[in-house]
Amino acid sequence: MDANIEFVIYTALTATSSERSFGGQKEEHPFRNSGDWIGGGANLQYYPENSNLTAVDMNPSFITYFEENRQKYPQVNLKRTVITMAEDMHDIDDNSFDVAICTYTLCSVKSVRSALNEIKRVLKPGGKFLCVEHVLYCKSSWNSTLQKFAAPLWKVYFNGCTLTRKSDEEIRKTGFKDVVIEMHHPKDMWLVARPQIIGIATK
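Bear in mind that the values here come from a model prediction, so they are computed numbers and not experimental data. (Residues numbered from 1 in each chain as written. Predicted model: local features only at pLDDT ≥ 70, side-chain atom pairs only at ≥ 80, totals over all residues. Heavy atoms only, no water.)

Enquirer: Account for unusual backbone geometry, with residues named and values stated.
Expert: At Tyr-104, a position not held by glycine, the phi torsion is positive, near 50°. Following the sequence through the fold, Tyr-104 ends up in the loop between strand E5 (97–103) and helix H3 (112–122). For Tyr-104, a relative accessible area of 26% gives the class partly exposed. The backbone of Asn-159 sits at a positive phi, close to 55°, despite the residue not being glycine. Locating Asn-159 in the fold gives a position in the loop between helix H4 (142–157) and helix H5 (167–173). (Helix = DSSP H or I, 4+ residues; strand = E, 2+ residues; numbered from the N terminus. Buried < 20%, exposed > 50% of the residue type's maximum accessible area, 1.4 Å probe, protein only.)

Enquirer: Can you lay out H3 for me, pointing to particular residues and giving the numbers?
Expert: Listed as buried for H3 are Val-112, Ala-115, Leu-116, Glu-118, Ile-119 and Val-122. Seen along its axis, H3 keeps its buried residues to an arc of 160°; they face one direction. (Arc of directions from axis to C-beta.)

Enquirer: Tell me about the pairing of strand E8 (residues 196–202), and please be specific about residues and values.
Expert: Burial analysis of E8 places 5 of its 7 residues in the buried class, the great majority of the element. Note: strand E6 (residues 123–134) against E8, 7 bridges, orientation antiparallel. Looking at the pairing, Lys-128 lines up with Thr-202 of E8. Bridging between strand E7 (residues 178–184) and E8 involves 7 bridges; their strand directions are antiparallel. The residue of E8 that forms the bridge with Met-183 is Ile-197. (Pairing = 2+ DSSP bridges.)

Quick look at the structure:
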């Protein structure tokens, strides 16, 4: 009998290679997922068979859109929805999930440190945290100055999204036993949001 793999997912999920591989987990295992700000579930097509999902989002209106999209992917079984913020997932027990996935969420939470501490808390020992986030350019670059100049208007226009977060550094400070982060600068992204990290951290 295959092991049951528990997931916790944060944000409106955008397809990435790290999520497709689910941190090296084999696709024949049944997955259970949960996510904060999962939105419409844009990454559901990458979930393997027997995926059991607990969806976490701070906005209850996501449920209708998410459920409409989920119908296209019968391999995903929605087990539970939790309406809460990433910084306070008190309705979720410690050591509940094998994998946490966070896509473009740390830029918008009120406290990156609190959100990461909660993510680590709900992961089982040895669990994986997978993330895709945009971050601040290197301090010495002109592009970082441009980000800081654009940040106030960007935050208003994009509903709280912050351009100047150093989420990669915060992840390393959270106390995961192993952290692997790759930096990318996709040219199809706006210049001020171009520095992107793809990371896997192990509790």
